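Read off the chains here:
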Amino acid sequence: MPGTACVCFSRSNFYPDCLNLAMEKPIERSPDRDDKELDSAIVGQAPPMAQIKRHILRLGKCDLTVLITGESGTGKELVARAIHKYSPRAQKPLIKVNSAALPTDLFESELFGFEKGAFTGAFKKKPGKFELAHSGTILLDEIGEIHFPMQAKLLQVLEDNEFSPLGSTTNTRIDARVLATTNANLGKMLSQGRFRLDLYYRLSVVSIHIPPLRERRDDIDLLCHHFLRKYAARYGREYKPLSDQVRKQFYEYWWPGNVRELENVIQTITALGNEEIFYEKTRNHAPSGVPRNGRGPMMTTGAVTEIAAKLLTKYSLKDLRKKAARKAERDAIADVLYYTDWNRKKAAALLKISYRTLLYKIKECAIEESKHNYPERVVEPGSPGCLLPSR
Ligand SMILES: Nc1ncnc2c1ncn2[C@@H]1O[C@H](COP(=O)(O)OP(=O)(O)OP(=O)(O)O)[C@@H](O)[C@H]1O
Ligand SMILES: [Mg+2]
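Residues numbered from 1 in each chain as written. Chains lettered and ligands numbered in written order. Predicted model: local features only at pLDDT ≥ 70, side-chain atom pairs only at ≥ 80, totals over all residues. Heavy atoms only, no water.

A.B. asks: I keep staring at the side chain of His84 and nothing clicks. Help me out?
C.D. replies: Within the element layout of this structure, His84 appears in helix H3 (residues 76-85). By relative accessible area, His84 is classed as buried at 7%. Within the structure, the side chain of His84 is placed 2.7 Å from the side chain of Thr137, a separation counted as a polar contact. With sequence-adjacent residues up to four places away left out, His84 is seen in contact with Arg89, Ala90, Lys92, Pro93, Leu94 and Thr137. (Helix = DSSP H or I, 4+ residues; strand = E, 2+ residues; numbered from the N terminus. Buried < 20%, exposed > 50% of the residue type's maximum accessible area, 1.4 Å probe, protein only. Polar contact = N/O pair within 3.5 Å; in protein donor to acceptor, adjacent residues only side chain to side chain. Contact = heavy atoms within 4.5 Å.)

A.B. asks: Even after reading the chapter, I still don't get the pairing of strand S9 (residues 177-182), so can you show me in this structure?
C.D. replies: Side-chain positions along a regular strand alternate between the two faces of the sheet. Burial analysis of S9 places six of its six residues in the buried class, the great majority of the element. As judged from the four bridges shared by strand S2 (residues 66-69) and S9, these two strands associate in the parallel manner. Its bridge partner being in S9, Ile68 is matched across the sheet by Thr181. As judged from the four bridges shared by strand S6 (residues 137-141) and S9, these two strands associate in the parallel manner. Bridging from a neighbouring strand, Leu139 pairs with Leu179 of S9. (Pairing = 2+ DSSP bridges.)

A.B. asks: I tried to follow the site of ligand 1 on my own but got confused; where do I start?
C.D. replies: Neighbouring ligand 1 are 18 residues; Val43, Ser72, Gly73, Lys76 and Arg260 lie closest to it. Residue Gly73 places a main-chain N or O atom 2.9 Å away from an oxygen atom belonging to ligand 1. Note that an oxygen atom of ligand 1 is positioned 3.3 Å from one of the backbone N or O atoms of Thr74. Contact with the protein chains hides 84% of the accessible area of ligand 1, taken as 630 Å² for the molecule alone. Only H3, helix H9 (220-234) and helix H11 (258-272) provide two or more residues apiece to the shell around ligand 1. Counted by class, the shell around ligand 1 contains seven nonpolar, five polar and six charged residues. Residues lining the shell around ligand 1 come from more than one domain, with at least three contributed by each of domain 1 (6-211) and domain 2 (217-313). (Near = heavy atom within 4 Å. Areas by Shrake-Rupley, 256 points an atom, 1.4 Å probe, with all protein chains shown as cover. Nonpolar A, V, L, I, M, F, W, Y, C, P; charged D, E, K, R; others polar. Domains from an automatic or database assignment.)

Such coordinate-based values are descriptive only and should not be taken to indicate function.
Okay, structure coming up:
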């Protein structure tokens with residue numbers, strides 16, 4: 001459901017003390033110091049964010065493994081850091097493992113460390129991230145990027161709570177709380193055999209999904225206020241609210257880069273003292289130039305006219321018609337493939353073309369399966385121009 005935070009418990013290992021979290025009941029709390037602190041660190045009052053914040057405070061106390069999912073820039077690391085902060089381990093380190101940046105051959109030495117002489121170049125003993133996180137928290141960032149053979153090694157450590165550094169003959173016990181984040185569609189990776197089911201269950205004892213910013217637009221104003229204050233203080237400027245026109249357009253824009261993108265825009269606006277930067281940015285972002293019920297990239301009329309004039313000096317109207325038809329065809333195929341989870345048979349049936357024709361079109365239009373769990377363009381089923389019925 002759009003705009004909802006989803007907190008789930010894996011059927012395998014859950015923890016009875018935290019069971020009531022799964023019932024999604026609002027918890028009665030008096031606004032105490034923790035709530036206030038958390039509100040200033042994680043800005044947002046939209047129902048999914050309020051719910052996530054309640055869960056952070058409760059999960060902090062439970063020591064459960066948590067998998068945090070969401071598009072890039074939605075605040076997964078922020079949530080992970082908050083869970084650590086409100087846990088009894090807060091005084092101990094939170095060690096982040098950037099899985100995406102770890103080549104397979106470095107994975108073991110980074111995570112488990114090595115003894116002096118373990119391999120050529122191992123001049124002295126080096127502790128791994130698990131050892132550094134002992135009695136604290138280990139954050140496995142971008143867990144979807146861990147190569148398949150390494151997933152088995154990680155699972156073993158998580159199951160046994162011990163590991164052996166490279167070149168060592170003894171095992172080291174660990175006591176680290178595990179948090180993981182991903183913007184990949186792990187469900188899809190599981191069905192494609194690219195992610196181990198056992199590791200998925202081990203990591204997703206509790207999972208928190210952070211919805212994209214476009215599904216919690218009511219938080220945009222609050223976030224703007226927060227970032228305007230932050231960057232005004234940083235650059236020694238006076239706090240200046242955004243104009244009503246920009247606020248309206250912020251509300252309509254689809255924010256593919258989520259809160260990170262919003263923060264960057266506000267930072268630049270504050271630094272340059274000029275709101276125009278937002279128009280420049282959205283102009284460059286827009287793949288088609290057509291606003292889609294406030295969901296797609298937003299453009300000013302001026303920008304559309306400018307582009308139309310440029311196009312007409314390059315192509316005839318007939319060429320443009322052909323190009324537009326090709327683009328519409330490509331978009332329709334890409335949307336249907338996305339919503340059928342790249343099930344080509346289902347997609348061909350929906351598009352009323354043969355399976356072979358679909359394969360040919362995918363190749364001809366160079367449509368690629370995105371590794372992220374959202375398409376390049378977002379078209380809501382049931383909306384005008386979308387072939388799919390409402391969900
Ligand atoms: N609700 C929020 N309140 C305040 N700042 C936020 C919020 N959500 C995200 N941010 C800010 O947006 C930026 C991106 O957040 P973060 O790094 O946690 O995102 P992410 O989901 O881990 O992104 P990625 O998948 O690209 O790693 C950070 O600067 C973070 O402080
Ligand atoms: Mg992150």
